[in-house]
Amino acid sequence: MKPTEEKIHADPSDLPIYLFKQGNNCEAYRYFGAHIETRAGESGVVFRVWAPHATAISVVGDFNSWKPGSHPMRKVDNDSVWELFIPGMKEYDVYKYCVTTRAGDLVYKADPYAFHAETRPSNGSKVYDLSGFAWHDEAWQEAQKKTDVINGPMNIYEMHAGSWKTKGENVPYNYSELADQLIPYIKEMGYTHVELLPVMEYPFDGSWGYQVTGYFAPTSRYGTPKDFMAFVDKLHEAGIGVIMDWVPAHFPKDQFGLYNFDGEPCYEDPNPKRGEHKEWGTMVFDFGRSEVQSFLISSALYWLEQYHIDGLRVDAVASMLYLDYNRKQGEWEPNKDGGKENLEAVAFLRKLNNTILGRHPHKYMIAEESTAWPMVTKPASDGGLGFNFKWNMGWMNDMLSYMKTDPLFRAGNHNKVTFGFFYAFSENFVLPISHDEVVHGKGSLINKMPGDYEAKFANLRTFFGYMMAHPGKKLLFMGQEFGQFTEWSEEKQLDWMLLGYDKHTELQTYVKTLNAFYKAHPAFWQIDYSWEGFQWIVPDDFQQSVVAFLRKDAAGKQILVVCNFNPVLREGYTLGAPVSGTYKEVLNSDDEAFGGSGTVHNKSVRTHKKPLHGFEQSITITLPPMSTLYFEVPTKRTRKAADKAETAEKTTAKKTAAKAEKPAKAEKAPKKTTRTTKAKAAAAAEEAPGKAEKAEKAAKPKKAPAKAKAEAEAPAEKPKRTRKPKAEAAPAAEAAPEKPARKPRAKKAAEPKASEK
């Protein structure tokens, strides 16, 4: 390449720099970094970088044999922002910044705003043009803008792009190929969203992407930036949302990265008692610095706007909020008010969420926050942090601890199942069974379950059934849906060969069925964050390790959920029922199709007028050993509609076209009499037989003796069936059931004990 002259922009706008230094440049990547453009008729690349402590910077790369000083940059603001235009450079050219520190040292740095990078172990930045990709997800984008984010279904499949499935000897698919493999599986399994472990450029495979060096570059392990755009585009076309893990809490100490970028603390907090996580070997961002705020907020918006990502799961929020996080006494210092809260980080998170959700209210901002910090998902204007979702780490820890416990000792740990409801509706929670729970010696999910081979699967099915019915959105890490026994490793693909074994295939079928049930029943997702969508029936049967509760949707439809966390058959288990009528078992985790015994299935169960658990009626069911059952709860409205439909069918079948009107009136009369008192019904029966004769003419011969003889044999059964529903419809009048409900009040306290036998 010929020697290069710097082409100075005739009238550079200082607005991007001004906003950047105010912490309000939310699209700093449009100004900083490497951008292909034409100046004075020559095509080339303009480079801009922020380095407040540098005494000199030059651009180096293959184009100048990496010679320092041959292409020096100049300050455009006479302060800290450096720029250089180099004609002749093109897409995919590799470069770095050679920074001269105040100490006189030369340090070679990758571009913090680079759109593309070399594949590890190389770490140079690459010139890349983001424009020109043809998106096809307009329908998805428009639908998302109308979506109720909080009250819609969200069932997330968390995955690592490089180890979900590979080709050949652990050779990963590129982003676009991965989408082609992934989409049929996600659609078949019924997940609504995919969440990717970080795909921002990172040097160390073992960090799984959580030690980022390129906050604007998809890792080149799996292809180019446009390959990643194709991945998102294809998933959106298939109706699948894409969430990304994003890491604003800390960054690694790799010498080519952000660490001491210009020879001194630049992106990191300069205070040694605040600027480092020694246990992780990483540096903490200086959240109070305006330029760092512009950098991080620009990164977040970049993924949402340039790559159409639907949401960000913000990693390690707790480490941002507390100055003493993972630090011993003497290793941290309090804030200006004497507390341990990182006030600058709190202000940054509020600003981040206000900016992103202000622009895109339909996107997800999900906090991985493991403490009891209040109001994480409440608006910043109300004193909250402004996220719209938070991982429920407390529920996850309690339930995994409970499920690990031998069933013999679960009675003494029953509070781990119920304690979460003290705070279940304080935040917009996601229930996370994530990658963190199946690594570092913790064992896979199925290996956490106690007992022998069969028992492990039974425990896991019971847990999955409980999790799906519990309030909160859902997240499950890859491989757990079919019971992978080994811990996850980023170095190899999942153990797909396990699907050659019945138990694993049946577990996968069960998860698929649960996912479909979840999407089809708004009771499981429409009111996740209020007591209006949940009601306990049996919270305290610790002796038998049984819980029962209701999930409700906005229309009042309900699902009854009963979990038996012990491998013991419970026959004649009685519990309160919210509505009188017939309860139908709609899902049984012990079904043979799911790998269970299949020996116990409840037929449709009728309520009996036996008050229990605060309800005026109850049902008696059989609980299979170690199982979760779902029952469809009848609604009064549905029963009335069914009665009317049955009456109409009988009427049309019995009457001719000429005599249709009179018999119809005759049939409506019994409806009214059954709703009146028995005394009136008896009086009607004693009236002159003349009326019965008239009725005989209007009805078939069989009906006349049935009404004339109060105790007829087979024909008498039909009126009995019609009386029963009408007696149950009477609760609509409310006065009728109250009297009998008051009589057994004294027995009420004793009833639960009877059911616990």
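- An unreviewed UniProt entry lists the protein chain under the name 1,4-alpha-glucan branching enzyme GlgB, with Faecalibacterium prausnitzii given as the organism.

### Quick look at the pattern of salt bridges
Argument step 1. Within the structure shown, the criterion is met by 32 salt bridges.
Argument step 2. For Lys336, the salt bridge identified is with Asp337, shortest N-O distance 3.5 Å. This pair shows no difference in class: Lys336 is exposed, exactly as Asp337 is.
Argument step 3. Ionic pairing is found between Glu454 and Lys503, a salt bridge with its closest N-O pair at 2.8 Å. Here Lys503 lies in helix H12 (residues 502–520) and Glu454 lies in helix H11 (residues 453–469), a separation of 49 residues in the sequence.
Argument step 4. Judged by relative accessible area, Lys503 falls into the buried class, the value being 13%.

### Here's the deal with the side chain of Arg313
Argument step 1. One can find Arg313 in strand E20 (residues 311–314).
Argument step 2. Accessibility expressed as a relative area gives 0% for Arg313, which makes it buried.
Argument step 3. At 3.4 Å, the side chain of Arg313 and the side chain of Asp245 are in polar contact.
Argument step 4. Ignoring anything within four residues of it in the chain, the contact list for Arg313 reads Glu195, Tyr210, Ile243, Met244, Asp245, Trp246, Ile366, Glu368, Trp391 and His435.

### Considering the packing of helix H1 (residues 15–22) against helix H5 (residues 290–306)
Argument step 1. Two elements in contact, H1 and H5, have axes separated by 6 Å at closest approach and are oriented at 105 degrees. On the basis of their axis angle, the class for H1 and H5 is roughly perpendicular. In this structure, H1 contributes Leu19, Phe20, Lys21 and Gln22 to the contact, and H5 contributes Ser290, Glu291 and Ser294.

### Section: the sheet that holds E20
Two pairing modes exist for strands in a sheet, parallel and antiparallel, and in both the strands are linked by backbone hydrogen bonds.
Argument step 1. Reading around the barrel, the eight strands line up as E10-E13-E16-E20-E21-E22-E23-E24 and close back on themselves, with parallel pairing between neighbours. Shown here is a sheet whose adjacent strand axes are inclined to one another by a mean of 25 degrees, direction ignored.
Argument step 2. In this fold H11 packs onto strand E10 (155–159), strand E23 (429–433) and strand E24 (473–477), with an angle of close to 145 degrees to the strand it touches most, E24.

### Quick look at unusual backbone geometry
Argument step 1. Put simply, Arg120 and Pro121 share a cis peptide bond, and its omega is 15 degrees.
Argument step 2. With respect to the helices, strands and loops of the structure, Pro121 is situated in the loop between strand E8 (116–117) and strand E9 (125–126).
Argument step 3. Positive phi, close to 80 degrees, is recorded for Tyr92, a residue that is not glycine.
Argument step 4. One non-glycine residue, Met626, lies in positive phi territory at about 45 degrees.
Argument step 5. Relative to the helices and strands, Met626 resides in the loop between strand E31 (617–623) and strand E32 (627–632).

### Considering the confidence of the model for the protein chain
In low-pLDDT segments, the atomic positions of the prediction should not be examined closely.
Argument step 1. Chain-level pLDDT for the protein chain is 86 on average; 82% of the residues reach the 70-or-more range.
Argument step 2. Put simply, helix H17 (residues 703–708) is where the protein chain has its lowest mean pLDDT, 37, and strand E13 (residues 193–196) is where it has its highest, 98.
Argument step 3. Of the regions scoring below 50 in pLDDT, residues 1–11 engages in 24 contacts with residues more than four places distant in sequence or in other chains.
Argument step 4. Segment residues 655–757: pLDDT under 50, and 52 contacts once partners within four positions in sequence are set aside and those in other chains are kept.

### Here we look at the UniProt feature "active site" (unreviewed entry) in the protein chain
Argument step 1. When the UniProt feature table is mapped to this numbering, "active site" (unreviewed entry) covers Asp315 and Glu368. A stretch of 54 residues holds the annotated residues, and the largest C-alpha distance among them is 5.4 Å, short enough that they meet in one place.
Argument step 2. Here Asp315 shows up in the loop between E20 and helix H6 (317–321).
Argument step 3. Residue Asp315 is classed as buried on the basis of its relative accessible area, which comes to 8%.
Argument step 4. In this structure Asp315 touches Tyr210, Trp246, Val247, Pro248, Ala249, His250 and Glu368, once residues within four positions along its chain are discounted.
Argument step 5. Mapping Glu368 onto the fold places it in the loop between strand E21 (364–367) and strand E22 (389–391).

Cut-offs applied
- Residues numbered from 1 in each chain as written.
- Predicted model: local features only at pLDDT ≥ 70, side-chain atom pairs only at ≥ 80, totals over all residues.
- Heavy atoms only, no water.
- Salt bridge = Lys/Arg side-chain N within 4 Å of Asp/Glu carboxyl O.
- Buried < 20%, exposed > 50% of the residue type's maximum accessible area, 1.4 Å probe, protein only.
- Helix = DSSP H or I, 4+ residues; strand = E, 2+ residues; numbered from the N terminus.
- Polar contact = N/O pair within 3.5 Å; in protein donor to acceptor, adjacent residues only side chain to side chain.
- Contact = heavy atoms within 4.5 Å.
- Axes fitted to C-alpha atoms, helices over the stretch in contact; angles between N-to-C directions.
- Parallel < 35°, antiparallel > 145°, perpendicular 65-115°, else oblique.
- Pairing = 2+ DSSP bridges.
- pLDDT = per-residue confidence, 0-100.
- UniProt positions renumbered as here; feature names shortened; annotations may be inferred.

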